[in-house]
Amino acid sequence: MRILQNARAIGRAAKILTLGVLLFSVPATALANPKYAGIVVDAKTGKTLYSSSADSYRYPASLTKIMTLYVVFEELEAGRLTLDSRLKVSKYASGRPPSKLGLKPGETIKVKDAILALVTKSANDVASVIAENIGGSERTFAERMTRTARQLGMSKTTFKNPHGLPDSGQRTTARDMATLGRAIQERFPSYYGYFKTRAYKYKGRTYGNHNKLLGRVKGVDGIKTGYIRASGFNLVTSVNRDGRHIVAVVMGGKTGASRNAQMTKLINNYLSKASRGPKTAPAIAVRDIAPTFVAAALENPPLPAAKPGSEPAPAAGTPMVLAFNPPATASVVPMPAPATVPGFGDAVPLPPKMIKQRLDSSFAVANSLPPIPPESPDAPLTTNSISETALRQAARDKAARTGSLQVASASAQPFKTVNVETIRVDPTPVATISAQIAEAAENATETEEDSVTVATSDTRDIEPGWQVQIAAAETEGQAITMLKNAKARTGAALRGRSPYTEPVEANGQTLYRARFVGFETKSAAWNACKSLKSAKYACFAIYQ
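Note that the structure is a prediction, hence the values are computed from the model and not measured.

Q: Requested: an account of the packing of helix α3 (residues 64-78) against helix α5 (residues 111-119), with residues and values cited.
A: The interhelical angle for the contact between α3 and α5, taken along N-to-C directions, is 160 degrees, at an axis separation of 10 Å. The orientation of α3 with respect to α5, classified from their angle, is roughly antiparallel. When you trace α3 past α5, the crossing you get is left-handed. For the pair α3 and α5, the contacting residues are Lys65, Thr68, Leu69, Val72, Phe73 and Leu76 in the first and Val111, Ile115, Leu118 and Val119 in the second. Split into classes, the residues belonging to the contact of α3 with α5 amount to eight nonpolar, one polar and one charged.

Q: Run through the pattern of salt bridges, naming residues and quoting values.
A: Applying the stated rule across the entire model yields ten salt bridges. Between Arg144 and Glu74 there is a salt bridge, with its nearest N and O atoms 3.0 Å apart. With Arg144 in helix α7 (residues 138-151) and Glu74 in helix α3, this residue pair connects regions lying 70 residues apart in the sequence. For the pair Arg144 and Glu74, one class covers both residues: buried. Salt bridges sharing common partners tie together Glu74, Glu75, Glu77, Arg80, Arg144 and Arg187.

Q: Can you explain the nonpolar core? Please cite residues and give values.
A: Of all hydrophobic cores here, the largest spans 63 residues; its most connected members are Phe73, Ile115 and Val126. Ranked by residue count, the leading element in this core is α3, at eight residues. Setting aside residues up to four positions removed in sequence, Phe73 forms contacts with Ile115, Ile184, Phe188, Tyr191 and Phe195. Within the second largest apolar cluster, 24 residues are counted, among which are Ala524, Ala525, Tyr537 and Cys539.

Q: An account of the environment of Leu266 is needed here, citing residue identities and associated values.
A: For Leu266, the location among the structural elements is in helix α10 (residues 256-270). A C-alpha to C-alpha distance of 7.4 Å links Leu266 and Val40, two positions 226 residues apart in sequence. Residues in contact with Leu266, not counting those within four places in the same chain, are Tyr36, Val40, Tyr50, Val249, Val250 and Leu271.

What counts and what doesn't
- Residues numbered from 1 in each chain as written.
- Predicted model: local features only at pLDDT ≥ 70, side-chain atom pairs only at ≥ 80, totals over all residues.
- Heavy atoms only, no water.
- Axes fitted to C-alpha atoms, helices over the stretch in contact; angles between N-to-C directions.
- Helix = DSSP H or I, 4+ residues; strand = E, 2+ residues; numbered from the N terminus.
- Parallel < 35°, antiparallel > 145°, perpendicular 65-115°, else oblique.
- Left-handed = near helix turned anticlockwise from the far one by under 90°.
- Contact = heavy atoms within 4.5 Å.
- Nonpolar A, V, L, I, M, F, W, Y, C, P; charged D, E, K, R; others polar.
- Salt bridge = Lys/Arg side-chain N within 4 Å of Asp/Glu carboxyl O.
- Buried < 20%, exposed > 50% of the residue type's maximum accessible area, 1.4 Å probe, protein only.
- Core = buried A, V, L, I, M, F, W, Y, C linked by side-chain atoms within 4.5 Å.

Below, the structure is given as structure tokens:
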């Protein structure tokens, strides 16, 4: 009996020990955050080195754009697009919420610029432009994205749009995203180089990549970040270092900083466990090449009848075959195939030098550039930055789209709908605002709160509600800095409110609104405005 009791005691102790080991082996992020999911895969062997909720459904957010680019690369490979092809911007695409380039209806953008805009700025308007030009509509394009996902083995992924803006039907898993991260490298190794882009210049403005691990964690060569409120902060990363290659995914981070820290931890913990040997994993992305166009594929094709009254010319050499491209066996494609002209047979190759020149000119290799420092103001504000004229113009732009604008002053009684011409702004002197920006830039330190603010350029779809605007700055960096400073100075008044910035055209100039969003009532917005005015910030509340 005593032996039996001892055996039971040992069994219970073993179970407790096992549970303890499991608890300590699960990252703190996973225990504290129900949205968290993560995975690390050895890209050479296909072996899973780490996983946590890797097969649970999650929202992809802007990780969606990896598949959008996968389809673009398919079109480039097939010759239906070139890097210089121009994509037309529709009114619908132009109206997509930030993050965006601010494209205007009727203008065009080159495919190369569209690729770089998705890689760096994660521009939602550009994603819609791509979808409409390739698929005719976002819905049709998303259906193709889902079909492609199934072909790659992404069995739990469904796409409803090309950008990742909120849609309850758009779901994926960390494992599926790791599969996509591996597949896009296998299938399009040359085009994958775009994901190394650290900075991209378009129409005189430079956009930095949201992936802050590029150039800061050795071996990181891509690929994409994503965020909406429902998903949290997501990141797919590829690392090549010391002969090892892993693809890692972190989903559901509470902030950009905590997500990046978790990804760095996974890289440090699991890269050393990856294989240094040859690639043994089965190919994910395999292309089955069909003949481009076959006019005759007969060993002894019939010759045409001779013209009456003439002698047929003697046959010489082999029979004439107009355009015969024998089918190739399925294989992994090491680089994009030559472009083809549909319906006209032989391939029309793009010269290798041209491909290299285009790629060299379109992205900078991460290891050759210094780390991108946190963005800081590059010029003092002018009176135009917060002038009533500029704000009036911004309001007129909104009114032209919606018909009216609801505006409230912190001291207004009661609320009413007014014409935009009656907007009153209580400006703070320009010198004061410039001093506030300089102080914030000098004392800024990167915290988790800061990272949420900085992520305003990779933001969720803003739902209608009360917002508080403190300025319209000349650069996005200035707007972000002012938002950080304002939040620090007002304390509880802005706790839980989301900083938000977006571009707007005013008097031929691009300005960047500095706003706080997420106020449930006008009273909450007014109270925040009062606190901001006490801290010497210009402020008005607006329902939009």
